[in-house]
Structures are given as structure tokens and as C-alpha cells.
Amino acid sequence: MINKFSAKYILALMIVIVCISTVQSRNKKNYHPSYTLSTSSFDTIIPAKKKNIPVDKKLKSENDTLPQKIVGGDTIHLNKKDSLSTDTSALKKTADTLKYATSKNAPDTVIEYTAEDSMVVNVPAKTITLYGQKATTDYKDNNLVAPIITLDQQTGNITASIKRDSAGKVIALPTYTQGDFKSESDSIKFNMKSGKGITKSTYTTQGEMYVYGQTIKKVNNNVFYAYRGRFTTCNLDTPHFAFVSNKIKFINNKVAITGPVHPEFEGVPVPIYFRFGIYPLNQERHSGLLEPTFTTNQQRGLGLENLGYYKVISDYWDVIFRGSVYSYGGIMFSVNPRYKKNYRYSGTFSFDYQRFNNNFKGDPDFSRNTSYHIAWTHSMDTKARPGVSFTANVNAGSSKYNRNVPDAPLLNYSNQLQSSIAYSKTWKSSNLTVTANHNQNTNLGIININLPDVAYNVATIYPFRKKESAGQPKWYENIGIAYNGSAQNRFSFYDTLPNIFQQIKDTLQFGFHHSVPISLSLPQIGAFQIGPAVSYDETWFQTKTRFTWDTARQKLDTSVQKGFYTARQMSFGLNISTRIFGLITAKKKDAKIIAIRHEITPTLGLSYRPEFNKNSFYYAQYDTAGHKQQFSVYQRNNIFNPYSPGRFGGLTFGIDNNISMKVRNKKDTGQNAIKKISILDGLSINGSYNFFADSLSFPLSDFPVSLRTNLFNKINITASGILDPYEIDAQGHRIKTLVWKHKILTLGRLITGNISMSTQLQGGTKKDGSKTTELTSNTSLPNDIGYTQDQYDAEAAYIRNNPGEFTDFSIPWSVNLSYSLTYSKNFIVPQGYVTSFSQNVNFGGTLGITKKWQASVNGYYNITAGQLNTISATLSRDMHCWSLGISLSPVGIYRYFSINIAPRSALLRDLRVNRTRSFYNL
């Protein structure tokens, strides 16, 4: 039995042991000072790690009642009179309220600070000094990191300074961050109450600008002033260039306003002063003037180009006005509004007007040319109206517009303009598309317009299927029927001829085409896929044309009859297809070529087409030798092509091939050790044989052949052609004799054919030291949907004239080549067969002369004409924050040279030195 005194003695001893343990745990060697300064008084310091624990909860945890039962084998029974009272209401009353006096100089919120090395607290002076490689202080949204930080509670000032080593070298600098503002200085002094501060030798960034100030004074969160400051887009401590001014006002990430300012290069001031300067510091839209450029042109004289004004109309609209004036009497003017609404639509519109004088007034060959150009692009977000889309890409203008644009050789050579506007609506099982299209040949001056074209399609429906089917469907339930309808209207005119509306009336054409395909899906039978099909077509024509031979005058006469005419056709077919695989594997396990696979896809079909259009075909003599040719009354002056003559009953056949192989890279043992290489993507040939051909027809059809491959993933080859299996006579007319009678190893006579090859190789980048070459497929500048054709051409011209800004100096070399050949031999009435042959080569490449110099060349050579149409060469120099570009085009009708030096930053894009001359040589 333990008496009262013993129980009290044991309880007191336990409390002392707990207190000693707590003190020892807090005095471990790894404990670093980390505190929060409370708002009550300077003398109250709370550890930062426990700053969120209320004081009353701390007292409660330290004065909790002892448990009545101790875990263990022994039990001490306490008398209620002897035991301590379990009522803590008295303790709660003393712990709930902590009375303290708030200091007059106390900050209005908590200041958190840490020190890696040590902390010195000067209680009489009410200052705290933090030491360490990285001491921090956080106050509201202000963050300060420095090697030495001093907090003064009386004044509310926070001061930070640099740290030097024994040799006097700076090893740590204070950095200050508040919101978007961040700076690095030699010294910082900041007042917590007013929010103002002053720094010495400060570096900061504003957008793309790097700002330095000998002294910077911060007056509020958004405005600060710099004394003897400079700003530049060069990121070096001693920049290559800068704008220097003694007085600068900065509005954070908006604008900088200076007093007298002058440029400085490599620390050397340039004696060119401006009374003041206003510099935007962000990329947001601002209305203002657009800087012009000076140029010299052989045909236009001295010019002031692209003087403009940019106007922000609203959050969704803006507009650009530009104008150019030339000393020989030429002017150019453009209006370019743009619009965009997020998640709805976006687009641009452009109208360009130009008027130039050819030669001088008083000259006998003096003339004045006026032309225009219209461009419009529009795109609709797919989520704006699901199932509905509207797009526009308009590029139209006068035929002489492109050739008169100064200093744009690529545009001067362009003779094709195309436009497209499309609206589509999709329902559950059908869709409607309405389009308007335009194409224009500026050399011939002819403009063709399709307006409107309407297409309505109904997806395949299965009329015999039940709404709720159970089990395997019957064979007749897989019979499907669909509908495809198309209506087109077309007219054309020459913009160089008068009476445009009369031309439209004379050339207006319309046509309608309807197709109803019926199909039956059957399950695969073994290795064969069988598919029967039935289709019905009907076409509406506007014009009938007949050729007749005039014996008296020995010439072919043409008669045209306009009206509304119809023709129809029906066909029945049964197609069979399968796939055959061949595989050759290597016998050695470590062979480089693991396997070669050949895939063959043959198709065979039975087809029958009755003769519904016998009355629309006839034979007519077309030359003095008495040769005759079969014609259709619908083959001229109609939008849709006529149907084939006679009835057809026979075989259709075709075959396609694919060859690929797998190779092993012995130097690589990872996932990329085995690669698949394509040898032949496709080689196909198709044809048909008509058992019902008459005595004047040819039963065996022509053979369309196509080849496509990306050889070893480096050379892209595409070829196609049409082979005629019949021979021709001495006059070049087709006769009923197969070519295999005299030439066994041939597929036929080549009527038309084309082949194109292209490749683009580049060396490994200098950064990673790679030596392998690779193929890049995109060899041209992509035309973004947000660009009008005018903007696209202007951007392409800017890239051409400023190659240094767009040169990748990490590529040591690159080569791109493309070759195309076209051959055709067509029968034209009454000339007969006319043969045409053309081939040309495009070439280009770059060469990294040094790490900072790169040369490039691009050209086009017409092999058929034996003429080098155009060639351009550029020399680029990387000058860190500046770029130098020299462009030269000494060959061709349009020749030019350009020298350009400009900052690399887009913010100072118009601050450049440019010299451009162009020449016109007929």
C-alpha cells in the first residue's frame, strides 16, 4: 500500500523525466533554427515547424491528466481522495486565454525566415540577422533569398547584401521575387509596411527584355524607376548591344518609358540620341504604327514599303493597314482585318490594291496597270456546333497581280490561284455538303468557278434487318443500299477581255449525277472474300455535241445543241479477293537481314453492264485518210463524263504487291535493335476483258500501273502510267493486234506516265554529335489556316530576306533533291496523237562552314528546256543576339540581292539594317 506522499512523489518524478527527455530531444546536433516571427512582440518566437499549433493546445498537451492504469503486471490502486482530480476545467480556464501586448512596430502578418548557417538576435536593437549560403525571408507575396539578411522590427526594413570569398569574389547574390517581378542585385533594402524598396546594381527581366539599373527604386507592386539603366534582348552580363538612359520608368510587364536614350554596342556608345523612348514589354496587342522599310527596285525606283497602322478593335477583332509608295509612280495598299473567338471560329481577310506605271509618261510605250488581290481564310471549331462545319480559303485576284509584286520572285513565278469554301451538315445516317471552288491561270488569264456544288449522301442502310435481332442474321439481312447525289454548276471568263457577264452566260454549265449502290456482305469463305454488288447510275447533261466530216471543204465540223438530257447505266458484279504471303528467313541467327516478306493481293471479278446508251455513241471520220473514231454526244461541254460505249460482260482483274524486310542493328541491343524497312509499298496493275466487244471495239482494256515506295525510309518514289496492249499502225492509229505478238516480254505501249523522286537528308546535329543521316518529309513552309495567302507570301519573303533568323546552326549539312518526269501521248481530234515530254529538277542544301556561319542554295532547273529558271543562295551568320543574312538570286527573270542585320528577338524585329535591290530581266 502506497501512501499519499509516495504517490505524489512518484508522479512528480515522472513529470521531471518527461521534461528532461523533451529538452534533450530539442538539443540534438542536427537541429537548425527555423522560426516564425509572431505579430505580438519581438520577444515571442515560435518554431516554424509548430507555428500552426495553438497555444492553448500546447498547454493542454503538456498538462494532460495521468492515466489511472499503468500498462504492465503491477497495478496501483488509488483512493479517490488520494488521487489527483481528473477535472481540468481550472486548467482550461487558464490556458484558453493568453494575454499579451502587441508591439506598435509589429508587421501585419507572419514573417517566415530560415538560415542555413546561423541566426543572430539582437534583442535591445530588435534586429535579427540571418547567415548562410541561402537564407530566406517570406512576407506576404515577397520572397527574398540572400547570404545575409537583416530584419529590423522598429523600422520594418529588410536588408540583404552579397557575400564574397577570401579573394573578394562574389559567391552569392540576393534575389528578390514579388509576383511576376524577379531581380538579382548587389544589395536590397525593402520596407514591409510601405512596400517600397531600393536596390543597387540590379538585373531583372521584363518579357524578352533584360534590364540593368545602377539604382532601382520600387514604389509599388507595378511601377519602379531605374537610374543609369540599360535594357536589351542580349542575355549576357555585358551585352553586345543595349539602349542606355539615365532615367527609365517601368510599368511591370507592360511598357518602359525613358528620357533621352542612345544605343550602345559592345559598351561603346553610339552618338545617336532620341529625346524619349517608349518600349512595349509584353506580347499583348497594342494599337500603333508599323515601321516601314526602304528599298530600291529597278522597275519601281526608290520605295518606302509597308508603312502601316495596327488597330485593336475589340477582344475578337483587329485590323492592319499598310501602304507602299515608289518614286516611279507606283502605290500599294492593303487592308487586313482578323477575327478570332475561342472555341467558336477564327479567320482573316485581306484586300490588296496596286497601281504601277510601266515606263515614264510621254514614252510611246507608257502604260498604267491596276490590279487587286483578295484573300480570306476561315475555320470553325469542331466543338462549336457538332455535326456542322464551315471553312473558307479564298485566294483570287487579277492575273497580273502576282507578277507585279516587288522583290517576291517565288510569287512572281506563281501562275495558279485556287479557292475553296465549304459548308457541311451531318445527320445520323446522311450528310449534306455545299461548296464553291475557284481556280485561275494567271498566264492565260482564265478564271474557272464552280458555284455551287451540292453533294448529298445517304449511308448504307439495311432494309431487311430487324430492329431487335437475335442470333446470327440471315444472308438477305446483309443486303445494303445507299445513295450518292451530286449537282454542279460551272462557268468561266477571261479577266483580260470585256463583257465578263456575257462570258459567264455563254460558258455556264450544270450537271447532276445520281448513284444507288446495292451491296451484300458475305462471310469469308476460307482464304477468299466474296462480295456481290449492284449499282444504278444516272447523269443529267446540258449539251450534246456532234462531229461531222465536211467532204467538200475537207474539215471536221462541230455542232452544239443545248437542252436537258439524261443518260443512265446499271452494272452487276461479283468480286473475289485474297492475300498471299511469302517469307524468306535468314539461316544464321546473327544475320543482318532477318527476314524478307512479300505480300500479294490479287482480285478477280465478274461484271456485266447492259447497253443503255446505244443512241448516244456514233462513229465519225476525222481526217482525210478516212480514219474513224467513236465519239459520245456528251463528251464535250459537259461537267460529268459520259458512260462507256456498248455493253460489257467479262472479267476484271488486278494485283497489288508489298515487300518489306526486317534488319538487325548489331551495335544496338535494345528495343530498337530490330527495324522494319519498306522496300516496296505498292506495285499494282489492273485491267478488264470484255467478251461482248463489237468488231470496231477493243475487248482488252488499258492497264493502269502504279508504284509507290519510300526506299529504305530515305528516298520517296512515286510512279504511275497507262499501258496500251494493242499496237499502232504507221500513222499512229490503234489496230487490233496485241503487242505480245511481236514482243513477248512487255506489258504494252506506254501512253501516259510520270515518275517523281525526292529525298531530304541531313547530318547529325553538332550538339549530340550524331553522324547518321535522316529523312524529313516536309520540305516546304506549311500554310497555316490562320494565314491568308498574302500573309503567307509576306512571311515567306521575310524568311528569304532574313535567313539568319531562321537558320538552324546545329545542322552541319543537309541536302534536298526532287526530280519529276511526265510523258503523255494523247489522241486529240483532229490532230491525232500528240506527244508531250517534260522533266525538271529542284535542288537545295545547307552547309555549316563553322559553328557561326552557314551557307545554303536552292534552285530549279528545267531539263526539257535546258534552262536554269531560278537559283538563290544565302549566307547566314549567328551573332548571338543578332543575325546577319545575305541573299542573292543572280539567275532568272527576277533577280535580287539582300543584306540584312537584325536582332534575333521578335520584340525588336523591325529594328534592322536592310539593303535590298531587285532587277527585272526579260
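Residues numbered from 1 in each chain as written. Predicted model: local features only at pLDDT ≥ 70, side-chain atom pairs only at ≥ 80, totals over all residues. Heavy atoms only, no water.

Peer 1: How would you summarise the overall build of the chain if you had to cite specific residues and measurements?
Peer 2: Of regular secondary structure, the chain possesses 7 helices and 54 strands. Put simply, the chain has 922 residues, and 34% of those count as buried. When contacts within the chain are restricted to residue pairs at least 6 apart in sequence, those whose partners lie at least 24 apart make up 51%. If you sum the accessible surface of the chain, you get close to 55,500 Å²; carbon and sulfur atoms cover 57% of it. (Helix = DSSP H or I, 4+ residues; strand = E, 2+ residues; numbered from the N terminus. Buried < 20%, exposed > 50% of the residue type's maximum accessible area, 1.4 Å probe, protein only. Contact = heavy atoms within 4.5 Å. Areas by Shrake-Rupley, 256 points an atom, 1.4 Å probe, with all protein chains shown as cover.)

Peer 1: I'd like to hear about the pattern of salt bridges, residue by residue, with values.
Peer 2: Tallied over the entire structure, the rule returns 13 salt bridges. The partner of Asp 656 in a salt bridge is Arg 708, with the nearest N and O atoms 3.5 Å apart. Placement of Asp 656 in strand S40 (residues 648–664) and of Arg 708 in strand S42 (residues 703–711) is noted, with a sequence separation of 52 residues between them. Using a relative accessible area of 36% as the deciding quantity, one classes Arg 708 as partly exposed. For Arg 904, the salt bridge goes to Asp 878, with nearest N and O atoms at 3.6 Å. (Salt bridge = Lys/Arg side-chain N within 4 Å of Asp/Glu carboxyl O.)

Peer 1: Quick one: what's the story with the packing of aromatic side chains, residue by residue and with numbers?
Peer 2: One pass over the full model with this rule turns up 24 aromatic pairs. Plain terms: the ring middles of Tyr 176 and Phe 190 are 5.6 Å apart, the flat faces sit at 40° to each other, and that makes the pair tilted. Here the residue Tyr 176 occupies a position in strand S10 (residues 175–178), and Phe 190 occupies one in strand S12 (residues 187–191), the gap between them amounting to 14 residues. For Phe 190, a relative accessible area of 7% gives the class buried. Aromatic side chains Tyr 608 and Phe 692 sit 6.1 Å apart centroid to centroid with 85° between the ring planes, which places their arrangement in the edge-to-face category. Remark: Phe 692 occurs in the loop between strand S41 (674–690) and S42 and Tyr 608 occurs in strand S37 (residues 593–609); sequence separation between them is 84 residues. Assessed through its relative accessible area of 35%, Phe 692 is described here as partly exposed. In this structure, Arg 300 is placed above the aromatic ring of Phe 356, and the distance from its NZ or CZ to the ring centre is 4.1 Å. (Phe/Tyr/Trp six-rings, centres within 6.5 Å; stacked < 30°, edge-to-face > 60°. Lys NZ or Arg CZ within 6 Å of the ring centre and 35° of its normal.)

Peer 1: Give a detailed account of the nonpolar core, specifying residues and quantitative values.
Peer 2: The biggest cluster of nonpolar side chains holds 36 residues, and the ones touching the most others in it are Leu 130, Leu 144, Ile 149, Leu 151, Phe 231, Phe 241 and Phe 250. For this core, the secondary-structure elements that each account for two or more residues are strand S3 (111–114), strand S5 (127–139), strand S6 (142–152), strand S7 (157–161), S12, strand S14 (209–218), strand S15 (223–232) and strand S16 (241–251). For Leu 130, the residues in contact, after removing those within four places along its chain, are Tyr 113, Thr 114, Ala 115, Ser 118, Met 119, Ala 135, Thr 136, Thr 137, Pro 147, Ile 148, Ile 149 and Leu 151. Judged by nonpolar contacts, the second largest core, of 15 residues, contains Phe 547, Phe 631, Tyr 634 and Phe 640. (Core = buried A, V, L, I, M, F, W, Y, C linked by side-chain atoms within 4.5 Å.)

Peer 1: An account of the side chain of Asn 613 is needed here, citing residue identities and associated values.
Peer 2: Note on placement: Asn 613 falls in the loop between S37 and strand S38 (617–621). Asn 613 gets classed as buried once you look at its relative accessible area, which sits at 11%. Discounting chain neighbours no more than four positions away, the residues touching Asn 613 are Ala 567, Arg 568 and Tyr 643.

Peer 1: I'd love a proper account of unusual backbone geometry, names of residues and values included.
Peer 2: Each neighbour pair has its own omega, and for Leu 451 with Pro 452 the value is -15°, a cis peptide bond. Among the structural elements, Pro 452 can be located in strand S31 (residues 446–461). Of note in the backbone geometry, Asn 499 takes a positive phi value of approximately 55° without being a glycine. On the secondary structure map, Asn 499 appears in the loop between strand S32 (479–494) and helix H6 (500–507).

Peer 1: Requested: an account of the pairing of strand S25 (residues 331–341), with residues and values cited.
Peer 2: Sheet analysis places strand S24 (residues 317–326) next to S25, joined by 9 bridges and oriented antiparallel. Residue pairing for S25: Gly 323 is matched across the bridge by Phe 333. In textbook terms, the turn of a hairpin is the stretch between consecutive antiparallel strands, and for S24 and S25 this stretch comprises 4 residues, one of which, Gly 329, has a positive phi near 100°. Examined bridge by bridge, S25 and strand S26 (residues 345–358) share 9 bridges and lie antiparallel to one another. Along S26, the bridge assignment pairs Arg 338 with Thr 348. In textbook terms, the turn of a hairpin is the stretch between consecutive antiparallel strands, and for S25 and S26 this stretch comprises 3 residues, one of which, Tyr 343, has a positive phi near 65°. (Pairing = 2+ DSSP bridges.)

Peer 1: Which residues make up the environment of Phe 349, and what values go with them?
Peer 2: With respect to the helices, strands and loops of the structure, Phe 349 is situated in strand S26. A sequence separation of 10 residues divides Phe 349 from Tyr 339, and the C-alpha atoms of the two residues are 8.7 Å apart.

Peer 1: Would you mind going over a nonpolar patch on the surface in detail, with residue names and values included?
Peer 2: Taken together, Phe 528, Phe 572, Leu 574, Ile 576, Leu 604, Leu 606, Tyr 608, Phe 653, Tyr 689, Phe 691 and Phe 692 make up a surface patch of nonpolar side chains, about 970 Å² in accessible area. When contributions to the nonpolar patch are tallied by element, the ones reaching two or more residues are strand S35 (555–577) and S37. For Ile 576, the position within the fold is in strand S35. A relative accessible area of 30% means that Ile 576 is categorised as partly exposed. (Patch = residues over 30% accessible without salt bridge, like charges linked within 9 Å, V, L, I, M, F, W, Y side chains within 5 Å.)

Peer 1: Report on the pairing of S6, specifying residues and quantitative values.
Peer 2: Here S5 pairs with S6 via 10 bridges, running antiparallel. Bridge assignment links Thr 127 to a residue of S6, and that residue is Asp 152. Remark: 2 residues form the turn of the hairpin made by S5 and S6, two consecutive strands paired antiparallel; Lys 140 in that turn has positive phi of roughly 55°. Relative to S10, S6 runs antiparallel, the two being bridged by 4 bridges. Across the sheet, residue Asn 143 finds its bridge partner in S10, namely Thr 177. In the sheet, S6 pairs with S7 via 5 bridges, with the strands oriented antiparallel.

Peer 1: Any details on the environment of Lys 676? Residues and values, ideally.
Peer 2: Among the secondary structure elements, Lys 676 is positioned in strand S41. As for Lys 676 and Phe 712, which are separated by 36 residues in sequence, their C-alpha atoms are 9.3 Å apart. Beyond its immediate chain neighbours, meaning those up to four positions away, Lys 676 contacts Ser 660, Met 661 and Asn 713.

Peer 1: Can you lay out the environment of Tyr 316 for me, pointing to particular residues and giving the numbers?
Peer 2: Along the chain, Tyr 316 turns up in the loop between strand S23 (301–312) and S24. In this structure, the C-alpha to C-alpha distance between Tyr 316 and Arg 338, residues 22 residues apart in sequence, is 8.2 Å.

Peer 1: I'd like to hear about the confidence of the model for the chain, residue by residue, with values.
Peer 2: With 82% of its residues at a pLDDT of 70 or more, the chain shows a mean pLDDT of 81. pLDDT under 50 marks residues 1–11. Its contacts with residues more than four places away, or in other chains, come to 5 contacts. Below pLDDT 50 for its whole length, residues 16–95 participates in 70 contacts with residues either more than four positions away or in separate chains. (pLDDT = per-residue confidence, 0-100.)

Peer 1: Kindly report on the state of the cysteines, identifying the contributing residues and their values.
Peer 2: The tally for this structure, following the rule as stated, stands at 0 disulfides. Looking at the unpaired Cys 234, the closest cysteine sulfur is the one in Cys 881, lying at 3.6 Å. Note on Cys 881: relative accessible area 6%, which makes it buried. (Disulfide = S-S within 2.5 Å.)

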